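Residue-level listing of the chains:
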Amino acid sequence: LLTGQLHPSIGKVMVLGIDASKEPQRLKANIGIVPESESPPSYLTPLEFLEFVGRLRGLKLLQSKIEHWLDWFGMNEKRDTICKDLSKGQKQKVMLASAFIHEPKLLFLDEPFANLDPIYQRKCRKWLLDHVERGGTIFMCSHVLEVAEKLCTRMAIIDKGKVLASGTVEDLKKSSIESLED
């Protein structure tokens, strides 16, 4: 609903002052999305996919942004490899680069560290924390509570579609039996 991919059955969803169901393209131009199991198109290279995303978003200085993110994710040697031949971690890096390339105010990340090695998990965590310090907002889904504790200021614990608890990380830790897991 928040990314404009589904329409509400009642009411409306406003994100960044944009009606998500009436203006999904405008909304998507202003957010970054990394779905849990999505991969870049298998028939494009990382370079081609980032060019596509950048042109779709109307980015200025596109080539320098592409070069920055390919370098940042250590993908220069794979820039011209078709995505179907990339590892899962390399595909995840391409998806993250496509969400970060326009430095949107709002990011929706579903298991963003899946398949990333520890070095890039840490590097991405730092970038995300810096992004928030620069005024950005991140909605993140993670089954790894340790990751959520390191990154989130507020969280909701959801089980079978029901919110079991929500609040600041500190408040949730105080109210937990032993840990957030409990």
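Participant: Mind showing me how you'd approach the overall build of the protein here?
Facilitator: Of regular secondary structure, the protein possesses 7 helices and 7 strands. Across the protein, helices and strands are ordered from the amino to the carboxyl terminus as β-β-α-β-α-α-α-β-α-β-α-β-β-α. Expressed along its principal axes, the backbone C-alpha trace of the protein runs to roughly 50 × 40 × 30 Å. Taking all 182 residues of the protein together, the buried fraction comes to 38%. Of all intrachain contacts in the protein linking residues separated by at least 6 positions in sequence, the fraction that spans at least 24 positions is 58%. When the accessible surface of the protein is split by element, carbon and sulfur atoms take 51% of a total near 11,200 Å². In the protein, 26 side chains carry a positive charge and 25 a negative one; their mean positions are 5 Å apart.

Participant: Help me out: how do you make sense of the packing of helix 2 (residues 46–56) against helix 4 (residues 88–100) in this one?
Facilitator: Helix-helix packing: each pair is described by the crossing angle between the helix axes and the interaxial distance. Where helix 2 meets helix 4, the closest approach of the two axes is 10 Å, and the angle between their N-to-C directions is 25 degrees. Considering their axes alone, helix 2 and helix 4 lie roughly parallel with respect to each other. Of the two possible hands of crossing, helix 2 and helix 4 adopt the one that is right-handed. Contacts between helix 2 and helix 4 pair P46, F49, L50 and V53 from the former with V94, M95, A97 and S98 from the latter. Split by residue class, the contact of helix 2 with helix 4 holds 7 nonpolar, 1 polar and no charged.

What counts, and where the lines are drawn
- Residues numbered from 1 in each chain as written.
- Predicted model: local features only at pLDDT ≥ 70, side-chain atom pairs only at ≥ 80, totals over all residues.
- Heavy atoms only, no water.
- Helix = DSSP H or I, 4+ residues; strand = E, 2+ residues; numbered from the N terminus.
- Buried < 20%, exposed > 50% of the residue type's maximum accessible area, 1.4 Å probe, protein only.
- Contact = heavy atoms within 4.5 Å.
- Areas by Shrake-Rupley, 256 points an atom, 1.4 Å probe, with all protein chains shown as cover.
- Lys, Arg positive; Asp, Glu negative; His and termini not counted.
- Charge placed at Lys NZ, Arg CZ, Asp CG, Glu CD.
- Axes fitted to C-alpha atoms, helices over the stretch in contact; angles between N-to-C directions.
- Parallel < 35°, antiparallel > 145°, perpendicular 65-115°, else oblique.
- Left-handed = near helix turned anticlockwise from the far one by under 90°.
- Nonpolar A, V, L, I, M, F, W, Y, C, P; charged D, E, K, R; others polar.

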